[in-house]
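Residue strings, one per chain:
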Amino acid sequence: MKFGKEFASQMVPEWQAAYMNYNHLKILIKEILIFRRLQQNESTPGYQANPPLPSKGSSRKRKVSLHKAFGGLTNGNSNNKDNEDEVILVSAMHQSEENYRTVFLRSSQDAGESELGFFRKLDDEFNKVIDFYKGKVGEMVIEAEELSKQMNALIALRIKVEDPLFCSSSPEQEMVSLDVLNHVKINVMPETPRSSLKNAFGSSKLSFSFSKKELKNAEEKLNQAFIEFHQKLRQLKSYSFLNQLAFSKIMKKYDKITSRNASKDYLGMVEKSYLRQSDEVSKLMESVESVYTEHFCNGNRSLGMKTLRPKAKTEKHRVTFFTGCFLGYSVAFIIAIILMIHARDLLNSEGRDQYMTNVFPLYSIFGFLVLHMLMYAGNICFWKRYRVNYAFIFGFKPNTELGYREIILLSSGLSVLTLAAILSNLEMDIDESARSSRTLTELLPLGLVVIVLSIAFCPFNIVYRTNRFFFIASIWRCICAPLYKVTLPDFFLADQLTSQVQLFRNLQFYICYYGWGDYKSRESSRCRGSSVYNNISLVIAIIPYWIRCLQCLRRLFEGEDTSQAVNALKYFSTIVAVISRTFYVQKKGLALKILATSTSGVATVFGTYWDLVCDWGLLRRNSENPWLRDKLLLPHRSIYFLAMVVNVILRLAWVQTVLDFHEASFLHRTALVAFLTSLEIIRRGIWNFFRLENEHLNNVGKYRAFKSVPLPFSYENKKD
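Remember, predicted model here, so these are calculated numbers, not experimental data.

A. Expanded view of the packing of aromatic side chains. All told, the structure shown has 34 aromatic pairs when counted by the stated rule. Relative to tyrosine 239, the ring of phenylalanine 132 lies with its centre 5.1 Å away and its plane at 55°, an arrangement referred to as tilted. With phenylalanine 132 in helix 4 (residues 108–162) and tyrosine 239 in helix 8 (residues 212–258), this residue pair connects regions lying 107 residues apart in the sequence. Owing to a relative accessible area of 11%, phenylalanine 132 belongs among the buried residues under this scheme. Overall, tyrosine 239 belongs to the buried group, its relative accessible area being 0%. Measuring from ring centre to ring centre gives 5.0 Å for phenylalanine 396 and phenylalanine 470, while their planes differ by 55°; the resulting arrangement is tilted.

So this is what it looks like as structure tokens:
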């Protein structure tokens, strides 16, 4: 792999703008090469217009020069120079507020503006790196001081809770312990609906009760804070090393192209700079490792290092193997189903309507899930390709996030189970040979639901337990909205739920069909003909939008963003539109049709504007990319305009409800509903990519590369 690609792959994505712009400097070196070719072509009659690049067959003097340039970082103390080879003057580089500037010694006729421009840009990049690195080191020092205070409070709390007799036996120790605890308050215990209600009517801080639960919570928070802080230090150390290496590589290229020997002097300056000489990061890392090992791992250094420095996630070949197998089986089952439908002419059979009304909705649930998972796998694939740090944005534990291969594995495995059940349950016509197994085959959809739920809630460490529990916890926080603090994974997941309304309605049909319907004869008139069933179906359709509305209000009351009031109004308008369309479908009538059309139109305009302007950050008239954002990840701007058009078209799927397209469609009504739901899932998948791209660029703009970990203690007086 070329260094440029390797350099880009190892960058902290949110700090990308703070790294040395290696690619731009390479372009400047190419301009130098072009200038030198033109200069030689003008001065030498018959000179070849496009001479080859300097190769390994160059002169001995050039080989020596290249060797010296490459060893600049390790042999910077050598003072032996050949004055004739001097290109830049080290003594002329002055340091004024860490602002390095290079004096170029060659004449403009010899070098041209291209080389002068190269060194100006090189200095600018070096100063940028120095300023960023120094600023981040300063932040780390301040954060280390805060962690030290937190550790003092934790140790005092440990003594008070676990060994109160130790204080009694040592009066001096007792005085120190109580003095620390008298100046701090413990932050709120792990957030629950009950604690949220208490905090809404009381203080956000609590006095000590000196309980073991209190101590355990404080240890967990501080343990996570140390892990996160150590990761920041490792990334900062990597930042320093990568940039030093990049300056070495770019100067080597310069010497190679120009046959000069400038790298030794410049890299000598790099070695003497703050970027190389500063050892604060290394000292902080040693201190963190020592404290963490002693206080959180009982002195077990190997355990401490395993926690602080987790191994990188590795791709497993068996994931690819089983994914290929499941995809192959899925294709085979689809072909078998199509052949069976064609051979038995099932589309024209008498039981077609009964099957589509009662059995098709039972299996469509799994189709919706598989499609949503495949869209998410596609999102992950493109997020990785364009270096969107989705694992950090969603807050996954390090090296536990699922890649697109794992998501495809899960979705293809579910599709195999579903298609196999469909194939065995595809008999629309009830003949004598099928009667004996009728009950068993009709229970297959219910069995699939039981299998999926059993895997999802399985407590054992199988089938990506960490991710399953993360998903379940997010679902629970969505259900309990607004009693939990709203994080990005929570409202992102709630947005996914708004695109799966039909799935929840089908789950309602599951309960009614197997509980009150006659599933043995495929009869569900008790369900669909009941007013109670229809009212519950309406409530189910509203719940996902109501959850998002409550989440917006929670964020508004916490003062995060005043625009959340408008966002809440957007979801409320969607709720009104859903109610209007549902009443129109049930009762018909011109007045209801006008009401459904108008409310749906308002909700569509509202939702489209919010998607494009707020969630995607597009439609900026005066941006560097007209009607888009200043910064874009995709190379072609036309993709953004296409995505906006597709978003608008797919949002108009409600039109079929008020215009009664299903009555004139060749598709069965349930098939049409499933098709429109699939379009909404696809729209949501497209929305996901651009929504997270915008979030990533916001993090990049603020250099937010690490999650904020709440600390367990709050000092009442900063001087303390």
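B. Just the pattern of salt bridges, in detail. This model, assessed by the stated rule, comprises 20 salt bridges. The partner of arginine 101 in a salt bridge is aspartate 124, with the nearest N and O atoms 3.3 Å apart. Here arginine 101 is found in the loop between strand 1 (88–89) and strand 2 (103–104), whereas its partner aspartate 124 is found in helix 4, with 23 residues between them in sequence. The exposure class assigned to arginine 101 is partly exposed, which follows from its relative accessible area of 32%. Where arginine 683 meets glutamate 680, a salt bridge forms, and the shortest distance between an N and an O atom there is 3.0 Å. On the criterion of helical spacing, the pair formed by arginine 683 and glutamate 680 is a turn pair, its members being three residues apart in helix 31 (residues 669–701). Connected through shared salt-bridge partners, Asp611, Arg651, Glu680 and Arg683 make up one network.

C. Region of the structure containing the nonpolar core. Counting residues in each nonpolar core, the largest one holds 77 residues, and the members touching the most others are Phe118 and Met251. If you tally residues by element for this core, the top one is helix 4, at 18 residues. The contacts of phenylalanine 118, once residues within four sequence positions are left out, are Leu25, Leu28, Ile29, Ile32, Ile250, Met251 and Tyr254. If you look at the next biggest cluster of nonpolar residues, it comprises 30 residues, including Tyr363, Tyr513, Cys527 and Ala671.

Reading the values: the criteria
Residues numbered from 1 in each chain as written. Predicted model: local features only at pLDDT ≥ 70, side-chain atom pairs only at ≥ 80, totals over all residues. Heavy atoms only, no water. Phe/Tyr/Trp six-rings, centres within 6.5 Å; stacked < 30°, edge-to-face > 60°. Helix = DSSP H or I, 4+ residues; strand = E, 2+ residues; numbered from the N terminus. Buried < 20%, exposed > 50% of the residue type's maximum accessible area, 1.4 Å probe, protein only. Salt bridge = Lys/Arg side-chain N within 4 Å of Asp/Glu carboxyl O. Core = buried A, V, L, I, M, F, W, Y, C linked by side-chain atoms within 4.5 Å. Contact = heavy atoms within 4.5 Å.

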